[in-house]
Amino acid sequence: MGNAGSDLSSECASIASDYHDEEEGRLGYGQEQRRPVLSSSPSVKALSHGKRNSTTFKEYIFDTTIDDLEKTVSERHLDHAIDSIVPMAIGESTTKVIRPYHPAKLWLWRQWNGTIWQHGYKNVALMMIYTFAVLYTFPYIEENILGESLGSLSQLFKYLLTLSVFILTFFLNQSYGLWRDIYNNCRSLQGTADDLSLLAATHATRVDGKYTVEAEATMNDIAMAIRIFHIFVYASKTRRFRVLHTNRALKRMVQRDVISTEMCDAIIESKIFNGDRVFAIIEWIMIKFQVGLDDGSLRDASDHFQSHVLQTGLLLRKHFGGFRGILEARIPLAYVHFVQVMVDTLLFIAPLALYKDLGMFAIPTVAIMTAFFGGLLDLSKEMLDPFDNEDYCDGVIDINCGVFIRQANYGAVKFKDGAEILPEGWINTEKKAVEEP
């Protein structure tokens, strides 16, 4: 039993390591990769003056227009972004959407990467230094300057502690709700796109049980459009993939057989705003279904096929619009500001309120309070940024959107492949059943 537990722990550690390696390597998330990999254009030179060491690549991506990215982003970064979406089969993707874990207590205690402590240890160290300073200075200040007035801080600390526990717990619950809504929306988007692939595969025209050439071409076009759809969804909503909106990235994807030349040309020639390209792709898919019905490569055997396609296309648009509705009103500024000030105030007065009763033990006590109260607040704020578009607790709990895109690549063709070979007599049996009164 012990060996089995050890093997499971090792396997989970390996998966977590793979996730971490992909985040820091192939997706360009490591410290070395986060430096701007840009050409020597004037805009980049201007960026580098005074801020070169503090500006991460993701900050640059977030604050720069697509036109500027077109001129400045290097081929190496384009390939990094495309590498994370290229695998077309699910077996090639060994990573998870979020960091995996093993529930064993000892395994969890050994973790550092991907935890809130990775970000919060600096705050804990600073608070320990602050508490140490209070221990050696405030007894003198209280005795010679303030008298006994600091004693009232102990009562204030107790009131604020009770309020902070309640407010911070509720805030964490609200933040996790938003994070879960975004994750569910991603999955709903993926599932709805799979519905379109399923409809195409089950209504494709066949001869002797096999797809016709025209039907297979139609399904391939729909599959490629669904692939582009997912790429543009996350290029529009995450800065990790924002470079994929550039014309250079589109042409590079043509070279790597991610999209076709015809589709690339149509996207580049389109006058639609980059963030709205998703809607154009939805229209392409719906039009292709209609063309398939008109030319006979798809057949409407159920008399409700067109309405199902229409409803699925509208649902696809709805799910994409859901990102904007959730993220633009993720939480009011006043709410976050209040919680931040409350927690900071609690931790600031903690050494002043505790040093008399605890003495030197106030140092570890304040450290523990900072780790848990500050950690809960950091965790809550990180959950409000599920796509890691802000450099805060970088990469701790973000959703790995590259996995969604790779899974969507596979989903775009799996239904076509699944229905390519049918059991012998399957279609004939179905015909006889339909013809019987």
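Up top you'll find the structure we're talking about.
Rules of the game
Residues numbered from 1 in each chain as written. Predicted model: local features only at pLDDT ≥ 70, side-chain atom pairs only at ≥ 80, totals over all residues. Heavy atoms only, no water. Helix = DSSP H or I, 4+ residues; strand = E, 2+ residues; numbered from the N terminus. Buried < 20%, exposed > 50% of the residue type's maximum accessible area, 1.4 Å probe, protein only. Areas by Shrake-Rupley, 256 points an atom, 1.4 Å probe, with all protein chains shown as cover. Salt bridge = Lys/Arg side-chain N within 4 Å of Asp/Glu carboxyl O. Axes fitted to C-alpha atoms, helices over the stretch in contact; angles between N-to-C directions. Parallel < 35°, antiparallel > 145°, perpendicular 65-115°, else oblique. Left-handed = near helix turned anticlockwise from the far one by under 90°. Contact = heavy atoms within 4.5 Å. Nonpolar A, V, L, I, M, F, W, Y, C, P; charged D, E, K, R; others polar. Phe/Tyr/Trp six-rings, centres within 6.5 Å; stacked < 30°, edge-to-face > 60°. Polar contact = N/O pair within 3.5 Å; in protein donor to acceptor, adjacent residues only side chain to side chain. Patch = residues over 30% accessible without salt bridge, like charges linked within 9 Å, V, L, I, M, F, W, Y side chains within 5 Å.

1. Description of the overall build of the protein chain
Within the protein chain, the secondary structure is distributed over 17 helices and two strands. Scored against the burial criterion, the 437 residues of the protein chain give a buried share of 46%. Within the structure as shown, the protein chain displays about 23100 Å² of accessible surface, and the carbon and sulfur contribution to it stands at 59%.

2. Brief notes about the pattern of salt bridges
Inspection of every chain in the model, using the stated rule, returns 10 salt bridges. Arg324 is the partner of Glu328 in a salt bridge, and the nearest nitrogen-oxygen pair spans 3.0 Å. Two residues, Arg330 and Glu390, come together in a salt bridge whose shortest N-O distance is 2.5 Å. Remark: Glu390 occurs in the loop between helix H15 (362–383) and helix H16 (401–418) and Arg330 occurs in the loop between helix H13 (305–327) and helix H14 (333–358); sequence separation between them is 60 residues. By relative accessible area, which is 33% here, Glu390 ends up partly exposed. Taken together, the shared-partner salt bridges in this structure form one network comprising Asp79, Asp83, Arg252 and Arg256.

3. Points about the packing of helix H9 (residues 213–237) against H13
For any two helices packed against each other, the geometry is given by the interaxial angle and the distance between the axes. Interaxial distance between H9 and H13 falls to 11 Å at its minimum, and their mutual angle equals 15°. In terms of their interaxial angle, H9 and H13 are classed as roughly parallel. Where H9 crosses over H13, the two elements pack in a sense that is right-handed. Contacts from Phe229, Val233, Ser236 and Lys237 in H9 reach Leu316, Phe320, Phe323 and Arg324 in H13. Here the contact of H9 with H13 is composed, by residue class, of five nonpolar, one polar and two charged.

4. A look at the packing of aromatic side chains
In this description, a pair of aromatic rings is defined by centroid distance and the angle of the planes. One pass over the structure, following the stated rule, counts 14 aromatic pairs. Between Tyr176 and Trp179, the aromatic rings sit 6.0 Å apart at their centres with planes inclined by 15°, giving stacked as the arrangement. Separated by three residues within a single helix, Tyr176 and Trp179 lie in helix H8 (residues 152–202), roughly one turn from each other. The exposure class assigned to Tyr176 is partly exposed, which follows from its relative accessible area of 35%. Its relative accessible area of 4% is what places Trp179 among the buried residues. When the centroid spacing of 6.0 Å and the interplanar angle of 15° are considered together, the rings of Tyr234 and Phe404 count as stacked. Placement of Tyr234 in helix H9 and of Phe404 in helix H16 is noted, with a sequence separation of 170 residues between them. By relative accessible area, which is 1% here, Phe404 ends up buried.

5. Focus: the side chain of Asp79
Mapping Asp79 onto the fold places it in helix H5 (residues 75–83). A polar contact is formed between the side chain of Asp79 and the side chain of Arg256, at a distance of 3.3 Å. Aside from chain neighbours lying at most four places away, what touches Asp79 is Arg252 and Arg256.

6. Brief notes about a nonpolar patch on the surface
Taken together, the side chains of Trp112, Trp117, Tyr121, Ile368 and Phe372 define a hydrophobic patch exposed on the protein surface, amounting to about 550 Å² of accessible area. Of all the secondary structure elements, the ones that give two or more residues to the nonpolar patch are helix H7 (117–146) and H15.

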